[in-house]
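Observations on chain architecture
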Amino acid sequence: MRKKRKFYRGQVNHVYQRSINGVNLFYGWEDFIVFYTIFAVCARSSGIQVLELCIMPNHFHILIRTSSVHELSSFMDRFTSWYVMEYNASIGRKGKLLKKNFGSAPKWDEKAVRNAINYIGNNPVEKKLCKKAEEYRWNFLAFAYSNNPFSEPIRREYASTALREALREVDNMAKMNLPLKHGRLARISSKLKIREKEQLIDYIIKQYLPFDYTALSSYYDSYETMLTAMHSNTGSEHDINEDWDPESDQVFNEMIRYVQDTRPEMMTRKITMLPDEDKISLSIELQRNFNVTYRQICRFLHITPKNTQ
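Residues numbered from 1 in each chain as written. Predicted model: local features only at pLDDT ≥ 70, side-chain atom pairs only at ≥ 80, totals over all residues. Heavy atoms only, no water.

**Points about the packing of helix α11 (residues 276-289) against helix α12 (residues 294-301)**
- As a packed pair, α11 and α12 sit with axes 11 Å apart at the nearest point and diverge in direction by 135°. When the axes of α11 and α12 are compared, the pair comes out oblique. Our pair here, α11 against α12, has a crossing hand that is right-handed. Counting all contacts with α11, which are made through Lys 279, Leu 282, Ser 283, Leu 286 and Gln 287, the residues of α12 involved are Tyr 294, Ile 297, Phe 300 and Leu 301.
- Partitioned by chemical class, the residues of the contact of α11 with α12 number six nonpolar, two polar and one charged. (Axes fitted to C-alpha atoms, helices over the stretch in contact; angles between N-to-C directions. Helix = DSSP H or I, 4+ residues; strand = E, 2+ residues; numbered from the N terminus. Parallel < 35°, antiparallel > 145°, perpendicular 65-115°, else oblique. Left-handed = near helix turned anticlockwise from the far one by under 90°. Contact = heavy atoms within 4.5 Å. Nonpolar A, V, L, I, M, F, W, Y, C, P; charged D, E, K, R; others polar.)

Next up, the structure:
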């Protein structure tokens, strides 16, 4: 019998969901952007208050306020199902990708909310993806005070034709409250230089922002005070039974770059669809080139232990 979800009207909820078997969900900026824009579109249309989102390689955290447990469950089901459907369609995959039930914990007081804010923001720091929380693009903290924290400013009058066309398409999709999917992202970014892709990513994030940064920083004297608190306190979370993996996630970025360099003809996320014998061969190759554990190989390639024995 499923345990009844705790929910208290008006309280902020820390929501957490992980992939099945802990496999990786994101293999490039396109995957992050597809997930993020679907999330943002659903949040906007639902009228819910989003304080924080942190997307990690195989799970994500949200700090959110909804009017009812039904609204919370409906929102989670809508945006996660939409993402899995789009992810599967992009590589010809079938089946589930996320665990059926998400974790959630209402926060009773301001101290509990601050702990959750720090914990969520510092997830990438704990996994050694960055040194400070605001240095991680996919917790979106830096976008509260900058339009382009991870790229050069865009000057449209000097931008290339390809970049201007990409920006116009993003503007149109955001105005219609529609997400950006893999096919569209591949098309509009195909003629962009690396520097321009970074500009495009920041622009997309800013155009779709679903966060109430004012409400987030209201739990501190200022936004700067909040970041300072994150630098000195990672926060804690005792209300959600989260599987903890002590290994660094930085190796996944290194393996992604390796696959991109050695197999440029293949979309990186398609490695999860390789035949078992090809996965075994690639796993040996990765173990030879990186300081990577057996469990990390399984996460990265979506394989079970029996496939590599």
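**Focus: the nonpolar core**
- Core analysis: the largest hydrophobic core is formed by 99 residues, its most contacted members being Ile 62, Phe 79, Trp 138, Phe 140, Tyr 208 and Phe 300.
- When residues in this core are grouped by element, the largest group, 12 residues, is from helix α1 (residues 29-46). (Core = buried A, V, L, I, M, F, W, Y, C linked by side-chain atoms within 4.5 Å. Buried < 20%, exposed > 50% of the residue type's maximum accessible area, 1.4 Å probe, protein only.)

**Quick look at the sheet that holds strand β1 (residues 12-18)**
- Strand order in the open sheet made by the four strands is β2-β3-β1-β4, with antiparallel pairing throughout. Each edge of the sheet is formed by a strand with only one pairing partner; in this case those strands are β2 (49-55) and β4 (103-107). Across the sheet, the mean angle separating the axes of adjacent strands is 15° when strand polarity is ignored.
- Examined bridge by bridge, β1 and strand β3 (residues 59-65) share six bridges and lie antiparallel to one another. By the bridge assignment, Gln 17 is partnered in β3 with Phe 60.
- Here α1 sits on the sheet and contacts β2 and β3; the angle it forms with β2, its principal contact strand, is near 165°.
- Contacts from helix α2 (residues 69-91) reach β1, β3 and β4, with the element oriented near 145° to β3. (Pairing = 2+ DSSP bridges.)

So far we have only geometry, and geometry alone does not tell us how the molecule works.
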